[in-house]
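Secondary and tertiary structure notes
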Amino acid sequence: MTPGPAPAAAPAPQATPARGGLLVLVGMLLVAVNLRAAVTSLGALLDEIRDGLGLSGATAGLVTTLPTIAFAGLGALTPWLVRRWPAARVLVVAMVALTVGQVLRVVTDSTAVFVLTSALALAGIAVANILLPMLVKQHFPQRTGLVTGAYTMALTVGTTVAAASAVPIAHAFGSWRAGLGVWAGLAAVAVLPWVPLALRAGAARRTAIRAARRAAATPAVAAAAPARVRPARTRLGWAMAVYFGAQSLSGYAIMGWLAQLFRDAGYAPEAAGLLLAGVTALGVPVALMMPALAGRLPTLRPLVLSLTAFSTAAYVGLALAPHGLAPLWVLLLAFGQGAFPLILTTIGLRARTAEGTVALSAFAQSTGYVIAALGPLLVGILYEATGGWTAPIGFLLVALAVQTGAGMVIARPRHIEDER
């Protein structure tokens, strides 16, 4: 069948759609800054949004769960997209979707429209989530840890700024809509570096497809397509997905509900937003250092166990003394959330090729986000049912135990291509 050779040949030009490494790096960092701003700004303004749109507790739980649902569903489609279109073009569309979705969701009074337009914005984030590890492998194969640390730090900075400034912006303009919608401008800026890269990638892809067709017409030159990496058939792939899912479950529960926990403990809305921002702000150096540490250690077990210890202490502290020692719990949570840059780095470490990286990234993230979707939803249900935070925090401790077990599996060095 003639369409067969095209998918096999197509990834080759994507590996070098442009030699402007600096432009690619700038583009990746701008995308990374946007990957959580739309989520944490919503968490910081959740009370105001609930009042403004008349959301029930269950609906608010659904809204905070929406990121993980979108990331799971759309993330799984990303390998299919990059087999058919250049990654740079896919990123342009993803960032445009993020921009448009964020604009539309703040100009509506309808709960249904708010949810749908939020899903559009999150679809753009979902695709970018999968593409960034692949782009690191393609463009910076000798600096995987450094570049992963840089874009993870950019992601963390964007998360922090959005969480810290969403409430002050909303108060300054007199509406939660301003505090939520301002981030659309940041997403629009992220489109700009990828437009010239997308144009170059499209030209390179057309050239490669013509070359592949000429090669297919010459049987002596034709080569067999490489076997596709299928992480779902491997123990490593499932362990990566479970670890990613468990840490994301906790991360999104924190982004969605930690500000509310601190409000309930007696903090003013602005202070609660700043404490939430503190988790990500203090995580910036962790995000920068974690990839380098993971790349140098012979096994990841010390990192996995250390992160578990930090998170356990933070959860217990939040349950027992959420007000008096809040800064300490924020610091420990920041260290514990180092599991996120760790798993992003591990995706690159556990694959030899760009194709293996995008396959592992898509499977670990899409499957992981299915698991993660339980986090904000169950925390919201438990909070509404019990009227307190003991049961939700107990649930997060159980998730942490599952995360640790999966971490022990992925700690040993090996590659997904070897487990096909």
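Residues numbered from 1 in each chain as written. Predicted model: local features only at pLDDT ≥ 70, side-chain atom pairs only at ≥ 80, totals over all residues. Heavy atoms only, no water.

Points about helix 12 (residues 183-191)
Residues of helix 12 that are buried: Trp183, Ala184, Ala187, Ala190 and Val191. All buried residues of helix 12 project into a common sector of 110° when viewed along the axis, lining one side. (Buried < 20%, exposed > 50% of the residue type's maximum accessible area, 1.4 Å probe, protein only. Helix = DSSP H or I, 4+ residues; strand = E, 2+ residues; numbered from the N terminus. Arc of directions from axis to C-beta.)

Examining the packing of helix 8 (residues 87-105) against helix 9 (residues 111-139)
Direction vectors running N to C along helix 8 and helix 9 enclose 150°, while the axes themselves pass 7 Å from each other. With respect to each other, helix 8 and helix 9 are oriented roughly antiparallel. Handedness of the helix 8/helix 9 crossing: left-handed. On helix 9, the residues touching Ala87, Val90, Leu91, Ala94, Met95, Ala97, Leu98, Val100, Gly101, Gln102, Leu104 and Arg105 of helix 8 are Phe114, Thr117, Ser118, Leu120, Ala121, Gly124, Ile125, Val127, Ala128, Leu131, Met134 and Leu135. Residues of the contact of helix 8 with helix 9, tallied by class, amount to 18 nonpolar, 5 polar and 1 charged. (Axes fitted to C-alpha atoms, helices over the stretch in contact; angles between N-to-C directions. Parallel < 35°, antiparallel > 145°, perpendicular 65-115°, else oblique. Left-handed = near helix turned anticlockwise from the far one by under 90°. Contact = heavy atoms within 4.5 Å. Nonpolar A, V, L, I, M, F, W, Y, C, P; charged D, E, K, R; others polar.)

Some remarks on the packing of helix 15 (residues 269-296) against helix 17 (residues 326-336)
The N-to-C vectors of helix 15 and helix 17 enclose an angle of 45°; their axes lie 8 Å apart at closest approach. Relative to helix 17, the element helix 15 lies oblique. When you trace helix 15 past helix 17, the crossing you get is right-handed. Here Leu275, Gly278, Val279, Leu282, Gly283 and Val286 of helix 15 lie close against helix 17, whose contacting residues are Ala326, Val330, Leu331, Leu333, Ala334 and Phe335. When grouped by side-chain class, the residues that make up the contact of helix 15 with helix 17 number 10 nonpolar, 2 polar and no charged.

Re a positive patch on the surface
A surface patch of like charges, here positive, comprises Arg84, Arg228, Arg230 and Arg233. With respect to the helices and strands, Arg230 occurs in the loop between helix 13 (194-216) and helix 14 (235-264). The class for Arg230 is partly exposed, based on a relative accessible area of 41%. (Patch = residues over 30% accessible without salt bridge, like charges linked within 9 Å, V, L, I, M, F, W, Y side chains within 5 Å. Areas by Shrake-Rupley, 256 points an atom, 1.4 Å probe, with all protein chains shown as cover. Salt bridge = Lys/Arg side-chain N within 4 Å of Asp/Glu carboxyl O. Lys, Arg positive; Asp, Glu negative; His and termini not counted. Charge placed at Lys NZ, Arg CZ, Asp CG, Glu CD.)

Things to note about the side chain of Thr404
Inspection of the secondary structure puts Thr404 in helix 21 (residues 390-410). We classify Thr404 as buried; its relative accessible area is 13%. Beyond its immediate chain neighbours, meaning those up to four positions away, Thr404 contacts Val304, Leu305 and Thr308.

Side note on helix 16 (residues 301-320)
Taking 1.5 Å of rise per residue, the 20 residues of helix 16 would be expected to cover 28 Å, and the 29 Å separating its terminal C-alpha atoms lies within 8% of that figure. Looking at helix 16, one finds that the buried residues are Leu303, Val304, Leu307, Thr308, Ser311, Ala314, Tyr315, Gly317 and Leu318. Contact partners of the buried residues in helix 16: helix 14, helix 15, helix 17, helix 18 (339-349) and helix 21. (Expected span 1.5 Å × (residues − 1).)

As for the packing of aromatic side chains
The description of two aromatic rings rests on the distance between their centres and on the angle between their planes. Counted by the stated rule, this structure contains 10 aromatic pairs. Plain terms: the ring middles of Phe310 and Phe335 are 5.1 Å apart, the flat faces sit at 45° to each other, and that makes the pair tilted. One end of the pair, Phe310, is in helix 16; the other, Phe335, is in helix 17, with 25 residues separating them in the sequence. Since its relative accessible area comes to 30%, Phe335 is described here as partly exposed. Residues Tyr383 and Trp389 carry aromatic rings whose centres are separated by 4.4 Å and whose planes lie at 20° to one another, so their mutual orientation is stacked. On the basis of relative accessible area, Trp389 is assigned to the buried category, the value being 13%. Ring pairs connect the aromatic residues Phe244, Phe340 and Tyr369, which therefore count as one cluster. (Phe/Tyr/Trp six-rings, centres within 6.5 Å; stacked < 30°, edge-to-face > 60°.)

Notes on a nonpolar patch on the surface
A grouping of Val96, Val100, Val103, Leu104, Val107 and Leu120 is seen on the molecular surface, where their side chains present a nonpolar patch of about 450 Å² in accessible area. Counting through the fold element by element, Val103 comes out in helix 8.

A closer look at the environment of Ala187
Locating Ala187 in the fold gives a position in helix 12. Of the residues examined, Ala187 reaches a relative accessible area of 0% and is grouped as buried. On a C-alpha basis, the gap between Ala187 and Ala97 in space is 9.2 Å, while along the polypeptide they are 90 residues apart. Those residues in contact with Ala187, other than ones at most four positions away along the chain, are Asn34, Met95, Leu98, Thr99 and Gln102.

Some details on the environment of Ile410
Within the secondary structure, Ile410 is located in helix 21. On the accessibility criterion, Ile410 (0% relative accessible area) is buried. Distance in space between the C-alpha atoms of Ile410 and Leu236 is 6.4 Å, their sequence separation being 174 residues. With residues up to four places along the chain from it excluded, the contact list for Ile410 reads Leu236, Ala239, Met240, Tyr243, Leu300, Ile343, Thr346 and Arg350.

Observations regarding the confidence of the model for the chain
Considering every residue of the chain, the mean pLDDT works out to 83; 88% of them sit at 70 or more. By mean pLDDT, helix 1 (residues 5-9) is the weakest element of the chain at 37, and helix 16 is the strongest at 95. Low pLDDT (under 50) marks residues 1-19, which in the prediction has 26 contacts with non-local residues, meaning those over four places away or in another chain. Considering only residues more than four positions removed or in separate chains, one finds that residues 220-225, a stretch of pLDDT under 50, has 2 contacts. (pLDDT = per-residue confidence, 0-100.)

Let's talk about the side chain of Arg350
Its location among the elements puts Arg350 in the loop between helix 18 and helix 19 (354-372). Here Arg350 is in contact with Leu236, Met240, Leu300, Leu360, Ile410, Ala411, Arg412, Pro413, Arg414, His415, Ile416 and Glu417, once residues within four sequence places are set aside.

Quick notes on the nonpolar core
Of all hydrophobic cores here, the largest spans 129 residues; its most connected members are Met28, Trp194 and Phe262. Of all the elements, helix 14 adds the most residues to this core, at 15 residues. Residues in contact with Phe262, not counting those within four places in the same chain, are Tyr267, Ala272, Leu275, Leu318, Pro322, Ala326 and Val330. (Core = buried A, V, L, I, M, F, W, Y, C linked by side-chain atoms within 4.5 Å.)

Describing the pattern of salt bridges
Working definition: two side chains of opposite charge can pair if their charged atoms are close together. All chains considered together, the criterion is met by 4 salt bridges. The residue Asp47 makes a salt bridge to Arg263 at a minimum N-O spacing of 3.1 Å. Taken as a pair, Asp47 in helix 5 (residues 46-53) and Arg263 in helix 14 lie far apart in primary sequence, 216 residues in all. Two residues, Arg352 and Asp418, come together in a salt bridge whose shortest N-O distance is 2.6 Å.

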